[in-house]
Amino acid sequence: MIKLSNIGKIYNKGKSNECIALTNVNIEIADGELTAVVGRSGSGKSTLLHILGCIDNSTSGKYYLGDDLVSGLSGNQMADVRNKKIGIVMQDFALVEEYSSIENVMIPLAFSKHPKKQRKETAMNALKAVDINDLANKNVKELSGGQKQRVAIARAIVNNPSVILADEPTGALDSKTAADIMDLFKKLNNDGKTVIIVTHDKEIAAQCGRIIEISDGRIV
């Protein structure tokens with residue numbers, strides 16, 4: 001269960017360039033939901049995603065991930081939660097272009113205590129889960145956009161997180177590839193993952209079981 005209670009986020013608080021990004025956001029997302037977060041550019045979607053993904057802390061309110069209170073954790077503590085419980089997929093893939101597919105997927109495992117051989121096996125299993133294990137040793141810069149996104153998803157699931165967050169995951173893809181990637185998110189959801197997709201694409205949002213709309217930092 002994800003629970004946000006009266007979450008607020010203010011950038012540059014008290015300064016001349018103060019910006020209120022989120023105000024009194026209250027959301028509950030049950031385990032195993034497939035949820036879309038929609039809104040115009042500047043509505044607060046990305047800020048909300050960063051808070052959900054433990055990339056940033058809220059200014060006010062409380063964020064519970066399961067039974068754990070995430071709000072107020074230190075940067076290192078949030079990084080630990082993020083590494084163990086949350087997988088994040090970005091629109092621009094955020095891959096290391098000079099690395100192979102499997103080397104990219106192994107990055108989150110570098111923080112684990114597993115032997116290198118076991119890390120490689122775990123990364124290969126993640127690549128198999130997204131049907132791209134045949135390109136494990138291929139350099140990422142040689143891959144297509146859809147293939148890169150599959151590598152990014154494999155990296156997001158390699159630590160077996162309970163929650164997967166995706167920020168405009170189909171925004172840089174053609175319609176057919178976007179449909180394939182969406183089918184992959186549905187499969188992960190059917191396997192029990194909680195999937196939250198931030199998108200401006202109404203067709204993508206319509207395929208989710210629930211839509212949360214945000215406008216001017218507030219839930220509509």
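Residues numbered from 1 in each chain as written. Predicted model: local features only at pLDDT ≥ 70, side-chain atom pairs only at ≥ 80, totals over all residues. Heavy atoms only, no water.

(A) Seen up close, helix α5 (residues 145-157). For α5, spanning 13 residues, the distance from its first C-alpha to its last is 19 Å, which sits close to the expected 18 Å at 1.5 Å a residue. With 11 of 13 residues buried, α5 is to be regarded as a mostly interior element. Taken as a whole, α5 has its buried residues at Gly146, Lys148, Gln149, Arg150, Val151, Ala152, Ile153, Ala154, Arg155, Ala156 and Ile157. Where α5 is buried, its residues meet β6 (86-89), α3 (101-106), α4 (116-129), β7 (163-167) and α6 (175-190). (Helix = DSSP H or I, 4+ residues; strand = E, 2+ residues; numbered from the N terminus. Expected span 1.5 Å × (residues − 1). Buried < 20%, exposed > 50% of the residue type's maximum accessible area, 1.4 Å probe, protein only. Contact = heavy atoms within 4.5 Å.)

(B) Main features of the nonpolar core. If you look at the biggest cluster of nonpolar residues, it comprises 40 residues, and the most contacted ones within it are Val89, Val105, Ile153, Phe185 and Ile197. For this core, the elements supplying multiple residues, two or more each, are β3 (34-38), α3, α4, α5, β7, α6, β8 (194-198) and α7 (202-206). By size, the runner-up hydrophobic cluster in this structure holds 26 residues, among which are Ile7, Leu52, Cys54 and Tyr63. (Core = buried A, V, L, I, M, F, W, Y, C linked by side-chain atoms within 4.5 Å.)

(C) A look at the environment of Asn160. Topologically, Asn160 is positioned in the loop between α5 and β7. Asn160 sits 34 residues away from Ala126 along the chain, and the two C-alpha atoms are 9.0 Å apart.

(D) Structural view of unusual backbone geometry. In this model, Cys54 sits at a positive phi of 60°, which is unusual for a non-glycine residue. Of note, Cys54 is situated in the loop between α1 (45-52) and β4 (60-65). Look at Glu168: it is not a glycine, yet its phi comes out positive at around 45°. Its location among the elements puts Glu168 in the loop between β7 and α6.

(E) Spotlight on the pairing of β7. For β7, the buried fraction is high: five of the five residues fall into the buried class. Burial along β7 is two-sided: Val163, Leu165 and Asp167 and Ile164 and Ala166, pointing in opposite directions, are all buried. In the sheet, β6 pairs with β7 via four bridges, with the strands oriented parallel. Its bridge partner being in β7, Gly87 is matched across the sheet by Ile164. (Pairing = 2+ DSSP bridges.)

(F) Layout of the packing of α5 against α6. Where α5 meets α6, the closest approach of the two axes is 10 Å, and the angle between their N-to-C directions is 15°. Accordingly, the angle class assigned to the pair α5 and α6 is roughly parallel. Where α5 crosses over α6, the handedness of that crossing is right-handed. Counting all contacts with α5, which are made through Gly146, Gln149, Arg150, Ile153 and Ile157, the residues of α6 involved are Thr177, Asp180, Ile181, Leu184, Phe185 and Leu188. (Axes fitted to C-alpha atoms, helices over the stretch in contact; angles between N-to-C directions. Parallel < 35°, antiparallel > 145°, perpendicular 65-115°, else oblique. Left-handed = near helix turned anticlockwise from the far one by under 90°.)

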